[in-house]
Amino acid sequence: MNTSSTPMTIGAVARRVGVAIDTIRYYEREGLLPEPLRRASGYRSYDEGAVRQLRFIRRAKDLGFTLEEIRDLLALSADRQRGVKAVKERAEARLAAIDERIAELSRVRDGLEQLIEACPGHGSPDQCPILKALTEQEGDA
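Summarised in this report is the structure supplied together with it. (Residues numbered from 1 in each chain as written. Predicted model: local features only at pLDDT ≥ 70, side-chain atom pairs only at ≥ 80, totals over all residues. Heavy atoms only, no water.)

**What about the overall build of the chain?**
Move 1: Secondary structure summary: the chain contains six helices and two strands in total.
Move 2: Listed N to C, the secondary structure of the chain is α-α-β-β-α-α-α-α in terms of helices and strands.
Move 3: Since a compact globule built from 141 residues should have a radius of gyration of about 14 Å, the 24 Å found for the chain marks it as more spread out than a globular shape.
Move 4: With the C-alpha coordinates of the chain rotated into their principal frame, the extents come out at 70 × 40 × 25 Å.
Move 5: Sorting the 141 residues of the chain into buried and exposed places 23% on the buried side.
Move 6: Counting contacts in the chain only where the partners sit at least 6 residues apart, residues at least 24 apart contribute 45% of the total. (Helix = DSSP H or I, 4+ residues; strand = E, 2+ residues; numbered from the N terminus. Rg over C-alpha atoms; globule rule 2.2 N^0.38 Å. Buried < 20%, exposed > 50% of the residue type's maximum accessible area, 1.4 Å probe, protein only. Contact = heavy atoms within 4.5 Å.)

**Points about the packing of helix α4 (residues 67-77) against helix α5 (residues 83-118)**
Move 1: Orientation of α4 relative to α5, taken along the N-to-C sense of each, is 160°, at an axis distance of 9 Å. The pairing of α4 with α5 is recorded here as roughly antiparallel in orientation. In this structure, α4 meets α5 at a crossing whose hand is left-handed. Each of Glu 69, Asp 72, Leu 73 and Leu 76 in α4 lies in contact with α5, whose residues at this interface are Gly 83, Ala 86, Val 87, Arg 90 and Arg 94.
Move 2: Partitioning the contact of α4 with α5 into residue classes produces four nonpolar, one polar and four charged. (Axes fitted to C-alpha atoms, helices over the stretch in contact; angles between N-to-C directions. Parallel < 35°, antiparallel > 145°, perpendicular 65-115°, else oblique. Left-handed = near helix turned anticlockwise from the far one by under 90°. Nonpolar A, V, L, I, M, F, W, Y, C, P; charged D, E, K, R; others polar.)

**Considering the side chain of Arg 44**
Move 1: Of note, Arg 44 is situated in strand β2 (residues 44-45).
Move 2: At 3.4 Å, the side chain of Arg 44 forms a polar contact with the side chain of Tyr 46.
Move 3: In this structure Arg 44 touches Met 8, Thr 9, Ile 10, Arg 25, Glu 28, Pro 36, Leu 37, Arg 38 and Arg 39, once residues within four positions along its chain are discounted. (Polar contact = N/O pair within 3.5 Å; in protein donor to acceptor, adjacent residues only side chain to side chain.)

**Brief notes about the pattern of salt bridges**
Move 1: A full pass over the atoms with the stated rule returns eight salt bridges.
Move 2: Salt-bridge contacts for Glu 68 lead to Arg 71; the nearest nitrogen and oxygen are separated by 2.8 Å. Taken together, the positions of Glu 68 and Arg 71, both in helix α4 and three residues apart, correspond to about one turn of that helix.
Move 3: Of the residues examined, Glu 68 reaches a relative accessible area of 48% and is grouped as partly exposed.
Move 4: We classify Arg 71 as partly exposed; its relative accessible area is 25%.
Move 5: A salt bridge links Glu 113 to Arg 109; the shortest N-O distance between them is 3.4 Å. One end of the pair, Glu 113, and the other, Arg 109, are both in helix α5, four residues apart, so they sit about a helical turn from each other. (Salt bridge = Lys/Arg side-chain N within 4 Å of Asp/Glu carboxyl O.)

Structure representation (structure tokens):
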């Protein structure tokens, strides 16, 4: 097992975290991950801190946070005074956005289901309720 004193290559870190090497480089360019130390050979050298930070980023992305929001969460994670409260507020806002998106998708699903039920599946295309709904201007219905 690697420890904080055992340096790792970018490939080793990528395998441990389950991300692509290019993803790590991208996060470095975006400032989400600090530039690593360089070995005499010029190769990047990472430690366990980088692994933890990359896991944080990956898990936050899995929860639907944007890279900008992740940047904020990383900064807040170091804030001993207001960090936890602010992180909770960010998570509540993300949950509200997810709930809103789910409600929107549910409305879309219901509308599509109604169109499918109304379509006989045969006949003239100009009589198809699905095609009509897709070609009508808003307010024509």
